[in-house]
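# Coordinate analysis (summary)
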Amino acid sequence: AKYLAQIILVGAQVVGRAFMRALRQEFAASRAAADARGRSERPQSAAASRIIGISLQEAQQILNVSNLNQEEIQKNYDHLFKVNDKSVGGSFYLQSKVVRAKERLDEELRIRAKDEKEKGWKAET
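These figures come from a predicted structure and were not determined experimentally. (Residues numbered from 1 in each chain as written. Predicted model: local features only at pLDDT ≥ 70, side-chain atom pairs only at ≥ 80, totals over all residues. Heavy atoms only, no water.)

Quick look at the pattern of salt bridges now. Between side chains of opposite charge, a pair can form when the charged atoms approach closely. Throughout the structure, instances matching the rule amount to six salt bridges. Residue Glu108 pairs with Arg104 through a salt bridge whose shortest N-O separation is 3.2 Å. Remark: Arg104 and Glu108 occur in helix H5 (residues 92–124); sequence separation between them is four residues, near one turn of the helix. For Glu108, a relative accessible area of 1% puts it in the buried group. Several salt bridges share partner residues, and in doing so they unite Arg104, Glu108 and Arg112 into one network. (Salt bridge = Lys/Arg side-chain N within 4 Å of Asp/Glu carboxyl O. Helix = DSSP H or I, 4+ residues; strand = E, 2+ residues; numbered from the N terminus. Buried < 20%, exposed > 50% of the residue type's maximum accessible area, 1.4 Å probe, protein only.)

With 86% of its residues at a pLDDT of at least 70, the protein chain reaches an overall mean of 86. Highest mean pLDDT in the protein chain belongs to helix H4 (residues 70–83) (95); lowest belongs to helix H2 (residues 43–52) (70). (pLDDT = per-residue confidence, 0-100.)

Right, let's talk about unusual backbone geometry for a bit. Of note, the phi angle at Asn64 is positive, near 55°, even though the residue is not glycine. You can see Asn64 is positioned in the loop between helix H3 (56–63) and H4. Classification of Asn64 as exposed rests on a relative accessible area of 61%.

Have a look at this one:
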């Protein structure tokens, strides 16, 4: 019985160590991915992604736009919003994704306009 208890104890320790090692690796990978996302976007843009809950790239994919052109964004938004309207058999979930994507792109346009305005002020001084 004593040997059986020791075997169980050693087995539990081995499994516990393996679990902790895997957990640490997952935390490190998650932190590295978050850091990489943060470096790929400007600070204001990264903050907007976190607040709205959708990245700039994802928003562009949802609305099928490659560049930030307000007219193209609005045109695609209007079309996708109407197509996904629940009254015509669409999906409320998809419609909400379209709305969030437009909000994210509008916020990015606002950030870029603000940056351009600040650059203009710095060039004048």
